[in-house]
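A look at the structure
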Amino acid sequence: MGDFPKLVTERLVLREVSDGDAGDMLEYLSDEEVVAHLGLAPSITVADARKEVAWYRKIRKEGTGIRWGVTRREDDKVIGSCGYLHWKKEHYRAEIGFELSRSHWKKGIASEALDAVLDYGFKTLGLERVEALIEPDNTASRQMVTRHGFMKEGLLRNYEYTLGKFDDLCIYSILKGDKRLYKR
């Protein structure tokens, strides 16, 4: 598995999260607006946030994904996460996901993190295809991936069953050779 890769951007450090970050993570994982499109109930306790940390460790250990904690360079506070899941090495593809503390929305932070994770996926992991599955009413995320060069491929009807209901998901993708539209 090796050392956890650290990604550094102009304003951010994307790094491995630890149990010590659970308090920071609870701040945004307990926010109903942040988790509204994640298929998760809001976290209530630090122990709930530690379960998220454990899931990040699990997908990395299994080789099915990698998730970075998004931190500000000036204070190392975890304000969100971004990374890959459902990584299919034999098919050179993975699904990307992200969330960010509401107090940092509309500042370009999620785009900056997404750009770094996409670069790592294409250049280091050797991905050919990255998918994003987004609920139709999650306009902000749909617009962001489109700005990054993702193309909408369709609607997956009743694709997930979360929190007692079936959810439709729009599927977007970007290929390694696609022209990336977003530039910092």
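This section reports on the structure supplied with the text. All figures in this text were calculated on a predicted structure; none of them were measured in a lab. Along each chain, residues carry numbers from 1 onward, in the same order as the chain's sequence is written. pLDDT decides what is reported in this predicted model: residues at 70 or higher carry local features, side-chain atom pairs at 80 or more are listed and counted, and totals for whole chains, interfaces and linings draw on all residues regardless. Side-chain calculation: all heavy atoms of the structure are included, whereas hydrogens and water are not.

So, helix H3 (residues 46–62)
Heads up, the rule is: Numbering of helices and strands runs from the N terminus, with a helix taken as a DSSP run of H or I at least four residues long and a strand as a DSSP run of E at least two residues long. One fewer than the residue count of a helix, multiplied by 1.5 Å, yields its expected span. Relative accessibility thresholds used throughout: buried, under 20% of the residue-type maximum; exposed, over 50%; partly exposed, between the two (1.4 Å probe, protein chains only). Along the arc lie the directions from the helix axis toward the C-beta atoms. Contacts were defined at the residue level, with two residues in contact if any of their heavy atoms lie within 4.5 Å.
Taking 1.5 Å per residue, 17 residues should reach 24 Å; H3 reaches 24 Å between its end C-alpha atoms and fits that length. Three or more residues of H3 are buried, namely Ala-49, Glu-52, Val-53, Tyr-56, Ile-59 and Arg-60. Here the buried residues of H3 occupy an arc of 125° about the axis, which is enough to place them on one side. With respect to the buried face of H3, the exposed residues turned more than 90 degrees away are Lys-51 and Lys-61. Packing partners of the buried residues in H3 comprise helix H1 (22–29), strand E3 (66–72), strand E4 (78–88) and strand E5 (93–100). Immediately downstream of H3, the backbone of Gly-63 shows phi near 75°, a positive value.

As for the nonpolar core
What counts here: What is meant by a nonpolar core is a set of buried Ala, Val, Leu, Ile, Met, Phe, Trp, Tyr and Cys residues, joined one to another through side-chain atoms within 4.5 Å.
Grouped together as the largest cluster of nonpolar side chains are 33 residues, with contacts concentrated most on Trp-68, Tyr-84, Ile-96, Leu-118, Val-130 and Phe-150. Broken down by element, this core gets its largest block of residues, eight residues, from helix H4 (residues 109–123). One finds Met-25, Leu-26, Val-35 and Val-78 within the second-largest nonpolar core, a separate group that totals twelve residues.

Things to note about the packing of aromatic side chains
Each aromatic ring pair is specified by the distance between its two centres and by the angle formed by the two planes. The condition is simple: Any pair of Phe, Tyr and Trp rings, taking the six-membered ring for Trp, is counted once the centres come within 6.5 Å. Such a pair is stacked with planes under 30 degrees apart, edge-to-face with planes over 60 apart, and tilted for the rest. Only when the NZ of Lys or the CZ of Arg is both within 6 Å of the ring centre and within 35 degrees of the ring normal is a charge said to sit over the ring.
On inspection of all chains with the given rule, the structure shows four aromatic pairs. Connected via pairs of aromatic rings, a cluster forms that spans Phe-4, Trp-68 and Tyr-120. We note Lys-89 situated over the ring of Trp-87; from NZ or CZ to the ring centre the distance is 4.6 Å.

Things to note about unusual backbone geometry
Leave glycine aside and you will find that most residues have negative phi; peptide bonds, for their part, are mostly trans. Positioned with a positive phi, His-86 is a non-glycine residue whose angle comes to about 50°. Note that His-86 resides in strand E4. One non-glycine residue, Tyr-92, lies in the positive phi region at around 60°.

Quick word on the packing of H4 against helix H5 (residues 139–147)
Note the threshold: Lines fitted to the C-alpha atoms define the axes, with helices restricted to the stretch that makes contact. Angles between their N-to-C directions range from 0 to 180 degrees. Comment on the angle field: the value is read as roughly parallel under 35 degrees, roughly antiparallel over 145, roughly perpendicular from 65 to 115, and oblique elsewhere. Note on convention: the crossing is left-handed when the near helix lies turned anticlockwise from the far helix by less than a right angle, right-handed when the turn is clockwise.
Two elements in contact, H4 and H5, have axes whose closest approach is 11 Å; the angle formed by their N-to-C orientations is 50°. On the basis of the axis angle, H4 is oblique to H5. Between H4 and H5 lies a crossing whose hand is right-handed. Between H4 and H5, the residues in contact are Ala-110, Ser-111 and Leu-114 and Met-144, Val-145 and Arg-147, respectively.

Quick word on the sheet that holds strand E7 (residues 151–162)
Let me state the cut-off plainly: Criterion used throughout: strands pair if DSSP finds at least two bridges between them.
Sheet architecture is open: eight strands sit in the order E1-E2-E3-E4-E5-E6-E8-E7, paired in mixed fashion. Strand pairing shows two members of the sheet lacking a second neighbour, strand E1 (7–8) and E7, which therefore form its edges. One ladder, built from eight bridges, connects E7 with strand E8 (residues 165–175); its direction is antiparallel. From the neighbouring strand, Met-151 faces E8, where its bridge partner is Ser-173. H1 rests against E4 and E5 of the sheet, and its axis sits at about 85° to E4. Lying on the sheet, H4 is in contact with E1, strand E2 (12–15), E3, E4, E5, strand E6 (129–134) and E8; it crosses E4 at an angle near 30°.

A few points about the pattern of salt bridges
As a reminder of what qualifies: One speaks of a salt bridge when a side-chain nitrogen belonging to Lys or Arg is within 4 Å of a carboxyl oxygen belonging to Asp or Glu.
Across all of its chains, the model carries 15 salt bridges by this definition. A salt bridge links Arg-102 to Glu-33; the shortest N-O distance between them is 3.0 Å. Of this pair, Arg-102 sits in the loop between E5 and H4 while Glu-33 sits in helix H2 (residues 32–35), and the two are 69 residues apart along the sequence. According to the relative accessible area criterion, Arg-102 is partly exposed, its value standing at 37%. Notably, a salt bridge pairs Lys-165 with Asp-167, separated by 2.5 Å at the nearest N-O pair.

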